[in-house]
Amino acid sequence: MPRKPSSSAPADYQDQKIFANDPFAVLDQEGVGQLVKMAVELGRKTNPDLEIGICGEHGGEPSSVQFCYRIGMNYVSCSPYRVPIARLAAAQAAISGDKSETMRTA
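If you're wondering where the values come from, they're calculated on a predicted model, not measured in any experiment.

Reading the values: rules and limits
- Counting restarts for each chain, with residues numbered from 1 along the sequence as it is written.
- For this predicted model, a pLDDT threshold of at least 70 governs which residues receive local features, and a threshold of 80 or more governs which side-chain atom pairs are given and counted, while totals over whole chains, interfaces and linings are taken from all residues.
- Hydrogens and water molecules were not included; the side-chain quantities draw on all heavy atoms of the structure.
- By definition, any uninterrupted DSSP run of H or I lasting at least four residues is a helix, any uninterrupted run of E lasting at least two residues is a strand, and each is numbered from the N terminus.
- N or O atoms closer than or at 3.5 Å make up a polar contact, with two conditions inside protein: a donor-capable atom paired with an acceptor-capable one, and, for residues adjacent in sequence, both atoms drawn from side chains.
- Note: pLDDT gives the predictor's confidence per residue, expressed from 0 to 100.
- When checking whether two residues touch, look at their non-hydrogen atoms; a contact exists if any pair is within 4.5 Å.
- Definition used for salt bridges: Asp or Glu carboxyl oxygen within 4 Å of a side-chain nitrogen of Lys or Arg.
- Relative accessible area decides the class of each residue, using a 1.4 Å probe on protein chains only: under 20% of the type maximum gives buried, over 50% gives exposed, and in between gives partly exposed.
- For each structure, a 1 Å grid was placed over the protein atoms alone; sets of points admitting a 1.4 Å probe that cannot get out are labelled cavities, open sets with protein on both sides within 12 Å along at least five of seven lines are labelled pockets, and lining residues have an atom within 4 Å of a point.
- Grid points are joined across faces, edges and corners, and a volume is the space filled by probe spheres set on the points.
- Throughout, the ten residues Ala, Val, Leu, Ile, Met, Phe, Trp, Tyr, Cys and Pro are labelled nonpolar, Asp, Glu, Lys and Arg are labelled charged, and all others, Gly among them, are labelled polar.

Draft legend 1. Structural context of the side chain of R70. Structurally, R70 is set in helix α3 (residues 62-70). Among the polar contacts listed, one links the side chain of R70 to the side chain of Q29, at a separation of 3.0 Å.

Draft legend 2. Representation of the confidence of the model for the chain in the model. For the chain, the average pLDDT comes to 84, and 82% of its residues sit at 70 or higher. Ignoring residues within four places in sequence, the model shows residues 101-106, a span with pLDDT below 50, making 15 contacts including any to other chains.

Draft legend 3. Examining the environment of M73 more closely. Within the secondary structure layout, M73 lies in the loop between α3 and β2 (75-77). When the C-alpha atoms of M73 and I52 are compared, they prove to be 5.2 Å apart, with 21 residues separating the residues in sequence.

Draft legend 4. Highlighting the pattern of salt bridges. Tallying each qualifying case throughout the model produces 1 salt bridge. For E57, the salt bridge identified is with R82, shortest N-O distance 2.7 Å. Of this pair, E57 sits in the loop between β1 (53-55) and α3 while R82 sits in the loop between β2 and α4 (83-96), and the two are 25 residues apart along the sequence. For the pair formed by E57 and R82, the shared burial category is buried.

Draft legend 5. Looking closely at the layout of surface pockets. As a volume, the largest pocket reaches approximately 280 Å³. Residues belonging to the lining of the largest pocket are distributed by class as follows: 9 nonpolar, 2 polar and 2 charged. Put simply, the second largest pocket is a space of about 210 Å³. If you go around the second largest pocket, you meet 14 residues; those closest to its centre are V65, N74, Y75, V76 and A90. The set of elements that each furnish at least two residues to the lining of the second largest pocket consists of α3, β2 and α4. Ranked by the residues each element gives to the lining of the second largest pocket, the list is headed by α4, at 4 residues. Of the residues assigned to the lining of the second largest pocket, the class counts are 10 nonpolar, 2 polar and 2 charged.

Now the structure itself:
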């Protein structure tokens, strides 16, 4: 069962324009995303063949999937009903060729 916030805080933060999106569904690319990017870079520096991916709601959300591609992750994983969306987002990221943040190793 996926984790869900135990309070209405994320919705309240969205209503007050503190968060643009629900952080449990859309990866905050400027905040947490930069930590993820750093983890990918440092992990690959230690082991160039390291398989890195993300799972959960973020793995099926189009902008998060595209971000994962740009920073060089190998895969995303999500619930079955989100697979078509994730596959489409991954294909769009690959076609766009946007590897501006880092080159993919796979």
